[in-house]
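# Overview (structure and organization)
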Amino acid sequence: MRELWAGVIMACRRWQAMLGISGMIAAACVVFALALEDVVSQVAVLKGGQHLREQHAVTFTPYYPQGEPTQVGNDTIQYVIDQINNRKGYTAIIHNMALDDPDFAGGYPTLILFGDVIPDLYPELPLCESVPCAMKGSKIVDEKINAVNIEGENIPVVGTLPAGATFFDPLAAGLPLDNRIVIRAPTKLLPLLNSIEKEEAITRTVLLDPEAKVVDTFITMNANSELYLIPHDIAVDQPQRFRELMGRSAIYIVGMLSFLLLVFIAFVSSARLTIRQEDRAFKIRAMYGATPFHLSLRIGGFLAAVVLIPPVALLSLLIVYLHIAGAPSPNVPLWVILGILLTFFLLWLWAIRSTKKIGG
Amino acid sequence: MKKNKWLFLNIRLALSSVLLSMLTSFMVHAFMLTLESRQESTFGLTGKITVLTMINGPQEVTETDATYAQNMLKDYIKKQSLSLVYTSVGDGRPEMIVYDPHGFLPWFPRVTDESFDLTTSHAYLFRGTYTENQWSNFAKAPFLPEEVKVSGVIDSPSGTDNLQYARTIGQDPLPSGSYTINTSDPVQIKHIIDLFYQMGFIPQVSKEIPLFTYFVNNPFLVITVLFLVMGLLCIVFDWFLYNQERVREFGIRRRYGALPTNLVRENLIVGMAGLLIGSVIGGILSNLLVAGISQTNRQLFNLQTFTSTAISFAIVILTWSSILYVVIKTNKEVNIDA
């Protein structure tokens, strides 16, 4: 332990250069981890949308009426209900459910799903089967939530979702469910919702392999209420958007990898100089009985202080942050930590060999 | 033995150049994206640009007053040789409304025909959109206001996302939303805001987007420049230490009659191959890696690869010669005349 600590002090004696190098390594690792997290999330979204692409799902980008929520007509709601009941579509409410009732679902955020076709589209999401029913996210430990009430309909909470469950709806782009209550509601509740809830249900409608006539009717009905919906074919749109997003992330990843390698090259030069400067001290210590193991520990302490501890500490904080923020792939920085560990051990081996060479 | 030394030197220089060239390519890509996004945000208008986000204000305005103010606005835009582009920002119709009396917008058809009815709004549908498809096949356009006349199909300018068409200003009142004007003159902007006020609007956001500030405020570009500079610092550090280790060799050569300029020139010429090969490989490699990760088809050689290779080569050659000069010229062990 004393040897390790002496190695850390060896790094501290050259604190200007070492602080610069370790700061650059830590910063590059964090940016690299964030870019990687983005890529992994996007790949997951793309994989999650596979069934939707096969079904030629159509989603809509809304342009809302100016100044007030849409007065969705009953005929439009009925049209959506018919599509959902015929297993030709589904819809969801994520943000606007019971905004005027803070106690709704025990105050937890919710995801309301309408459509029997949903379990077939998202087979990786273990939802409850008999509608109406609800499930709690894995981090909701509140035992009191046994049921959720929507417009007089009591919907029982029948289970808990596995940790890390995510809803890969194309419009939600990977919605983490750990802190949410997921409710599968019957379509008969749709006409009973208030206008802002109905508006969200309409804009999140996903139609499955619809005939052009169905899309046109749906768009025209909504355009009459000044809600303009631009249709997108997921099979065309999602891979294109994915390529654009991945293009940017790829540039970050390639850039950060090159930068990290440059910093390590600079560090190797600097470490070689340090080992040379400490050569006499190492020889004296060896004369007084220090074994090669002791010397390697000292070098290990020096390397750890610069290339291991600062980036690992920052990346650990990033993991905690990503978990709290509910990111879809919060454990990706662990891969970067593993990469840093591997680099550290390689550098350590190289440094031990260099010491032997210098020491003769 | 000497051959081995030069080979080692070139490998070392090439490796650093590869990595710096990749970082340069990263920066060049960010620069091009920023330039593209600036063009998108101005819809092809050049010069100084102001974007006004107008919302409905608390003031009471009669329909007659609003129409009068709107006509005044059109007159003012025309007299001051300006252009006005409205875009929807998620509310209202998915449309652009254009008033471009002097033809500053390269993508928007300019009306020269005398018989053209200027009181009616003429719409030009964006090619490939849902609206264009509906109009071409069924002569229907559910997003268009009834009083608007479809006058043609055009390619959309970049950055219009889901917008379906652009139309000329008609007699119908302008909606709230984002207005882009090709001026940043405070007098002109104040006058335009006053006219908007008389139409019932107040500005929510007013931002100028001068070119330099736009680049400086772009985080993607700033990050790439920062990492390029830090990467260059690492190279300076590495090459400086490497040449410091060669001080004895330089000193001996100096004592046998070599001049400092000869030493610098010799090392520069010998290292040129490594620097050039490294820069070229870095440019191509970053292109290939980005194409691989993002699963896109990219050309092996394109303007971006060429630009980043050229910039990177210029940087490394300047850095390498400066370091050689500093080490050889300032080191007492080498510079025996000092």
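Residues numbered from 1 in each chain as written. Chains lettered and ligands numbered in written order. Predicted model: local features only at pLDDT ≥ 70, side-chain atom pairs only at ≥ 80, totals over all residues.

Further remarks concern the overall build of chain B. The helix and strand inventory of chain B stands at nine helices and eight strands. Expected size for 338 residues packed as a compact globule is a radius of gyration near 20 Å; at 30 Å, chain B overshoots this value by more than 25%. Along the first, second and third principal axes, the C-alpha atoms of chain B reach 95 × 45 × 35 Å. Counting all 338 residues of chain B, 37% fall into the buried class. Sequence separation of at least 24 residues holds for 85% of the intrachain contacts in chain B that already meet a minimum separation of 6. (Helix = DSSP H or I, 4+ residues; strand = E, 2+ residues; numbered from the N terminus. Rg over C-alpha atoms; globule rule 2.2 N^0.38 Å. Buried ≥ 20, exposed ≤ 12 C-beta atoms within 10 Å, placed from the backbone. Contact = placed C-beta atoms within 7 Å.)

Glancing now at the overall build of chain A. A count of helical and extended segments in chain A gives 11 helices and 11 strands. Computed over C-alpha atoms, the radius of gyration of chain A comes to 28 Å, more than 25% over the 21 Å expected from 2.2 N^0.38 for 360 residues, which places it beyond the range of a compact globule. The principal-axis extent of the C-alpha atoms belonging to chain A is close to 90 × 45 × 35 Å. Put simply, chain A has 360 residues, and 43% of those count as buried. Long-range contacts, defined here as pairs at least 24 residues apart, represent 81% of the contacts in chain A between residues at least 6 apart.

At the junction of the two partners, chain A supplies 31 residues and chain B supplies 36 residues. Breaking the side of chain A that touches chain B down by element, the ones donating at least two residues are strand E1 (58-63), helix H7 (212-224), strand E11 (228-233) and helix H8 (234-277) of chain A. With 18 residues, the top contributor of residues to the side of chain A that touches chain B is H8 of chain A. Each residue belonging to the side of chain A that touches chain B can be placed in one class, and the counts come to 21 nonpolar, nine polar and one charged. (Nonpolar A, V, L, I, M, F, W, Y, C, P; charged D, E, K, R; others polar.)

All names here are of chain A. With respect to the secondary-structure elements, Ala212 resides in helix H7. With 13 C-beta atoms counted inside 10 Å, the residue Ala212 sits in the partly exposed group. Residues Ala212 and Ile284, 72 residues apart in the sequence, show an inter-C-alpha distance of 85 Å.

Residues and elements named next belong to chain A. The domain boundaries assigned to chain A delineate domain 1 (2-47 + 241-359) and domain 2 (65-226). Contacts between the two partners involve five residues from domain 1 and, on the opposite side, seven residues from domain 2. Split by residue class, the side of domain 1 that touches domain 2 holds three nonpolar, two polar and no charged. (Domains from an automatic or database assignment.)

This part takes up the environment of Ala223 of chain A. Summarising the element assignment, Ala223 of chain A is placed in helix H7. For Ala223 of chain A, a count of 17 C-beta atoms within 10 Å corresponds to the partly exposed category. Along the backbone, Ala223 of chain A and Glu278 of chain A are 55 residues apart, and their C-alpha atoms lie at a distance of 77 Å. Sequence-distant contacts of Ala223 of chain A, that is, excluding residues within four places in its chain, are made with Tyr228 of chain A together with Pro142 and Phe143 of chain B.

All names here are of chain A. Relative orientation of the contacting elements helix H4 (residues 74-85) and H7 amounts to 155°, with a least axis distance of 10 Å. When the interaxial angle is binned, H4 and H7 end up roughly antiparallel. When you trace H4 past H7, the crossing you get is left-handed. In this structure, H4 contributes Asp75, Thr76 and Tyr79 to the contact, and H7 contributes Thr217, Phe218, Met221 and Asn222. (Axes fitted to C-alpha atoms, helices over the stretch in contact; angles between N-to-C directions. Parallel < 35°, antiparallel > 145°, perpendicular 65-115°, else oblique. Left-handed = near helix turned anticlockwise from the far one by under 90°.)

Residues and elements named next belong to chain B. Mean pLDDT for chain B: 86, with 93% of residues reaching 70 or above. Highest mean pLDDT in chain B belongs to helix H4 (residues 186-198) (93); lowest belongs to helix H5 (residues 211-216) (76). As scored by the predictor, the complex reaches a pTM of 0.73 and an ipTM of 0.73. (pLDDT = per-residue confidence, 0-100.)

Attention now goes to the pairing of strand E5 (residues 149-154) of chain B. Residue and element names in this part refer to chain B. Sheet analysis places strand E4 (residues 122-126) next to E5, joined by five bridges and oriented parallel. Bridging from a neighbouring strand, Ala123 pairs with Val150 of E5. Handedness of the crossover joining E4 and E5 through helix H3 (residues 130-138) is recorded here as right-handed. (Pairing = 2+ DSSP bridges. Right-handed = clockwise from strand over helix to strand, strands pointing away.)

Residue and element names in this part refer to chain A. As for its placement among the helices and strands, Leu245 is situated in helix H8. Exposure remark for Leu245: the 18 C-beta atoms within 10 Å place this residue in the partly exposed category. Leu245 sits 206 residues away from Val39 along the chain, and the two C-alpha atoms are 8.2 Å apart.

What follows is about the packing of H8 of chain A against helix H6 (residues 219-245) of chain B. Two elements in contact, H8 of chain A and H6 of chain B, have axes whose closest approach is 9 Å; the angle formed by their N-to-C orientations is 25°. By the angle class used here, H8 of chain A and H6 of chain B are roughly parallel. By crossing handedness, the relation of H8 of chain A to H6 of chain B is classed as left-handed. Facing Gly255, Phe259, Leu262, Val263, Ile265, Ala266, Ser269, Ser270 and Leu273 of chain A of H8 of chain A, the residues of H6 of chain B in contact are Thr224, Phe227, Met230, Gly231, Cys234, Ile235, Phe237, Asp238, Leu241 and Tyr242 of chain B. A class-by-class count of the residues in the contact of H8 of chain A with H6 of chain B yields 13 nonpolar, five polar and one charged.

Our next topic: the domain arrangement of chain B. When cut into domains, chain B gives domain 1 (2-39 + 215-330) and domain 2 (50-208). Taken over C-alpha atoms, the centre of domain 1 of chain B sits 49 Å from the centre of domain 2 of chain B.

All names here are of chain A. Put simply, Val131 and Pro132 share a cis peptide bond, and its omega is 0°. Structurally, the position occupied by Pro132 is in the loop between helix H5 (118-121) and strand E4 (133-136). The phi angle at Arg87 is positive, at roughly 60°, despite the residue not being glycine. Assignment of secondary structure puts Arg87 in the loop between H4 and strand E2 (89-93). Arg87 gets classed as exposed once you count the C-beta atoms within 10 Å, which come to 12. With a phi close to 65°, Glu226 is a non-glycine residue in the positive phi region. Inspection of the secondary structure puts Glu226 in the loop between H7 and E11. Take Glu226: there are 16 C-beta atoms within 10 Å of it, and that puts it in the partly exposed class.

So, about the nonpolar core. Of all hydrophobic cores here, the largest spans 89 residues; its most connected members are Ile112, Leu113, Val182 and Ile183 of chain A. Other than its neighbours up to four places away in sequence, Ile183 of chain A contacts Thr110, Ile112, Leu113, Ala134, Val148 and Ile155 of chain A. Grouped together as the second largest cluster of nonpolar side chains are 80 residues, Tyr252, Ile265 and Val332 of chain A together with Leu275 of chain B included. (Core = buried A, V, L, I, M, F, W, Y, C linked by C-beta atoms within 7 Å.)

What H3 of chain B keeps buried is the set Tyr130, Thr131, Glu132 and Gln134 of chain B. Backbone geometry just downstream of H3 of chain B places Ala139 of chain B in the positive-phi region, at approximately 55°.

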